[in-house]
Amino acid sequence: MPKVTLDDTYGLPDPMLNDNFDLVFDNIPGGGDHRQMRIQCLGAALPGASLTTVEVELFGHKLIYAARKTFSHSMTVALHEVYDARTYQTLKNWAAAARATQTQTGGFSDAYMRTAKLTIYDQTGADAASWNIHRMFPTEISEYQFEGSGGAAIRQDATFAYGYVERR
């Protein structure tokens, strides 16, 4: 195969841009405006996967095969908070649908697990790719850091558990 040329590199498609995305949670348990959460999303990661290997040694040779595929089952989402802390409250209500603070009782998984849709857009704003992130629910809602000398916008980081990811 010959060395890569300038024409080869110009033949590549345009890059994926890190700000051409959205993350949509439909039907958030405990209330919450899914459109607002979509607009407020500052950052999210498309979960990856791990493929473990199995080794077989035969007559001094080691053969490696693919074994189990797993996911990290954890993803962090960064959200812009609004003046009345409704993002924080939306996430707290969602978490309470899974496990109540006062009683430590909760609902069944179908009451609090949701599928989120992560969509990547091309340079024209059209859908380029999308994934469903199944069985999501919040597992950690970060604290807010206030300071008297600031004036910066508050960011809400939340960690979600998820079951698996599939491309749509």
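## Concerning the pattern of salt bridges
Here is step 1: Throughout the structure, instances matching the rule amount to four salt bridges.
Here is step 2: D84 is the partner of R86 in a salt bridge, and the nearest nitrogen-oxygen pair spans 2.8 Å.
Here is step 3: Accessibility expressed as a relative area gives 34% for R86, which makes it partly exposed.
Here is step 4: Take D84: its relative accessible area is 36%, and that puts it in the partly exposed class.
Here is step 5: With a shortest N-O distance of 2.9 Å, R155 and D157 are connected by a salt bridge.
Here is step 6: By relative accessible area, D157 is classed as partly exposed at 26%.

## Quick word on the layout of surface pockets
The rolling of a water-molecule-sized probe over the atoms marks out the regions of remaining empty space.
Here is step 1: Approximately 180 Å³ is the volume attributed to the largest pocket.
Here is step 2: In this structure, the largest pocket is lined by 13 residues; those nearest its centre are Q145, F146, A152, A153 and I154.
Here is step 3: Taken together, the residues of the lining of the largest pocket break down into five nonpolar, four polar and four charged.

## Regarding a nonpolar patch on the surface
Here is step 1: Nonpolar side chains collect at one region of the surface, where V54, V56, L58, F59, L63 and Y65 lie side by side and expose about 580 Å² of accessible area between them.
Here is step 2: Elements with a contribution of two residues or more to the nonpolar patch: β3 (50–58) and β4 (61–70).
Here is step 3: Per-element accounting of the nonpolar patch gives the leading share, three residues, to β3.
Here is step 4: Mapping F59 onto the fold places it in the loop between β3 and β4.

## Considerations on helix α3 (residues 86–98)
Here is step 1: Spanning 13 residues, α3 covers 19 Å between terminal C-alpha atoms, matching the ideal 18 Å at 1.5 Å per step.
Here is step 2: Taken together, the buried positions of α3 are T87, T90, L91, W94 and A98. Buried residues of α3 fall within an arc of 95° about the axis and therefore sit on the same side.

## Looking at the pairing of β4
Here is step 1: The buried count for β4 comes to zero of 10 residues, which makes it a mostly uncovered element.
Here is step 2: Alignment of β3 against β4, held across eight bridges, turns out to be antiparallel. Residue pairing for β4: V54 is matched across the bridge by Y65.
Here is step 3: In textbook terms, the turn of a hairpin is the stretch between consecutive antiparallel strands, and for β3 and β4 this stretch comprises two residues, one of which, F59, has a positive phi near 50°.

Basis of the calculations
- Residues numbered from 1 in each chain as written.
- Predicted model: local features only at pLDDT ≥ 70, side-chain atom pairs only at ≥ 80, totals over all residues.
- Heavy atoms only, no water.
- Salt bridge = Lys/Arg side-chain N within 4 Å of Asp/Glu carboxyl O.
- Buried < 20%, exposed > 50% of the residue type's maximum accessible area, 1.4 Å probe, protein only.
- 1 Å grid on protein atoms, 1.4 Å probe; cavity = no way out; pocket = protein on both sides within 12 Å on 5 of 7 lines; lining within 4 Å.
- Points joined across faces, edges and corners; volume = space filled by probe spheres on them.
- Nonpolar A, V, L, I, M, F, W, Y, C, P; charged D, E, K, R; others polar.
- Patch = residues over 30% accessible without salt bridge, like charges linked within 9 Å, V, L, I, M, F, W, Y side chains within 5 Å.
- Areas by Shrake-Rupley, 256 points an atom, 1.4 Å probe, with all protein chains shown as cover.
- Helix = DSSP H or I, 4+ residues; strand = E, 2+ residues; numbered from the N terminus.
- Expected span 1.5 Å × (residues − 1).
- Arc of directions from axis to C-beta.
- Pairing = 2+ DSSP bridges.

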